[in-house]
Amino acid sequence: MDQHITSIMGTTWRFAGRFGVAFLLIVSVTSCARSNMDDLEQFVKETKLKFAGQVESLPAVRPYESYEYGASDMRDPFRSSVSLVKTIAITHVSNGLLPNSVRRKEELEQFELDSLTMVGLLVKEGQNWAIVKAPGGNVARVREGNYVGRNHGKILKISETKIEVKEIVADGLGGWIERPNTLGLKQ
């Protein structure tokens, strides 16, 4: 029986020893974690003191003031006024200038005049021919009387340095006006 008691006591001491080691390990880890928390709490307190400030108060809200539109007796700007159109039609006197809409369009009339460039001059049988470069790199040969540009531009004169063009553009009142323009030689 003494052996049995000794064996039970040994098992109890071993169990208690293991439990004690585990208990001591848990207590030491908890105390380490607690000491780290103390440092963190101290840092937070110091930071709050260092960066403490005041928030500006919100600006006062002004009450809404209604506005009554008082132009009800005036003309509506979003509707056409027949009398205004009649006045413009009466004051505009046609000068008789019209672009030729039945002639066949030439190749260089599909481009804006400022996108075309004179790149050279060719004289053939006493006639000046200009070499014109269009967007995309296409090159065309033109002479006096040909048309260029989208505004019905007729070539009047070709010299060594430029092409003189007369365009016919809308005047904004339902009529047409002539506008001189030039294409310069690209250096």
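Structure first, text after, so check above.
All figures in this text were calculated on a predicted structure; none of them were measured in a lab. Throughout, residues of each chain are indexed from 1 in the direction in which the sequence is written. Only residues with pLDDT of at least 70 are given local features in this predicted model, and only at 80 or more are side-chain atom pairs given and counted; all residues enter the totals for whole chains, interfaces and linings. Calculation of side-chain values draws on the structure's entire complement of heavy atoms; hydrogens and water are dropped beforehand.

**Student:** Report on the nonpolar core, specifying residues and quantitative values.
**Tutor:** By convention a nonpolar core is built from buried Ala, Val, Leu, Ile, Met, Phe, Trp, Tyr and Cys residues, the set being connected through side-chain atoms within 4.5 Å. The cut-offs for exposure are 20% and 50% of the maximum accessible area for each residue type, with area from a 1.4 Å probe on protein chains only; residues under the lower value are buried, those over the upper are exposed, and the others partly exposed. Formed by 16 residues in total, the largest nonpolar core has its most connected members in Leu108, Leu116, Val148 and Ile163. Secondary structure elements with two or more residues in this core: β2 (127–133), β3 (139–142), β5 (153–158) and β6 (162–170). Contact criterion: two residues are considered in contact whenever any of their non-hydrogen atoms come within 4.5 Å of each other. When neighbours within four sequence positions are excluded, Leu116 is seen to be in contact with Leu108, Phe111, Val132, Lys133, Ala134, Pro135, Val148, Gly149 and Leu183. Secondary structure elements are defined from DSSP: runs of H or I of at least 4 residues count as helices, runs of E of at least 2 residues count as strands, and each element is numbered from the N terminus.

**Student:** Explain the pairing of β2 to me, and be specific about the residues and the numbers.
**Tutor:** Sheet topology places strand β1 (residues 117–124) next to β2; seven bridges connect them, and they run antiparallel. Along β2, the bridge assignment pairs Met118 with Val132. Counting the residues that bridge the hairpin from β1 to β2 gives two residues, and of these Glu125 lies at a positive phi of roughly 55°. Criterion used throughout: strands pair if DSSP finds at least two bridges between them. Here four bridges tie β2 to β3, and the two strands are oriented antiparallel to one another. The partner of Lys133 across the bridge, within β3, is Val139.

**Student:** Could you give an account of the sheet that holds β2, with specific residues and numbers?
**Tutor:** Backbone hydrogen bonds hold the strands of a sheet together, and the pairing may be parallel or antiparallel. Judged by pairing direction, the sheet is antiparallel, and its three strands sit side by side in the order β1-β2-β3 without closing on themselves. Whereas interior strands pair on both sides, the edge strands pair on one side only; in this sheet they are β1 and β3. Here the average twist between neighbouring strands, direction ignored, is 25°. To define axes, lines are fitted to C-alpha atoms, for helices over the stretch in contact only, and angles between the resulting N-to-C directions are given on a 0 to 180 degree scale.

**Student:** Please provide a residue-by-residue account of the sheet that holds β5, values included.
**Tutor:** Spatial ordering of the open sheet is given by β4-β5-β6-β7, a layout of four strands whose pairing is antiparallel. Two strands in the sheet have a free side with no partner beyond their single neighbour: β4 (147–148) and β7 (176–184). In this structure, β4 lies alongside β5, joined through two bridges in antiparallel fashion. Its bridge partner being in β5, Tyr147 is matched across the sheet by Lys154.

**Student:** Explain the packing of aromatic side chains residue by residue, including any values.
**Tutor:** Geometry of aromatic contacts follows a simple scheme: Phe, Tyr and Trp rings, the Trp one being its six-membered ring, pair when their centres are within 6.5 Å, and the pair is stacked under 30 degrees between planes, edge-to-face over 60, tilted otherwise. Inspection of the entire model under this criterion finds zero aromatic pairs. Positioned above the aromatic ring of Trp129 is the side chain of Arg141, whose terminal nitrogen or guanidinium carbon lies 4.3 Å from the ring centre. Remark: a charge is flagged as sitting over a ring if the NZ atom of Lys or the CZ atom of Arg is within 6 Å of the ring centre and within 35 degrees of the ring normal.

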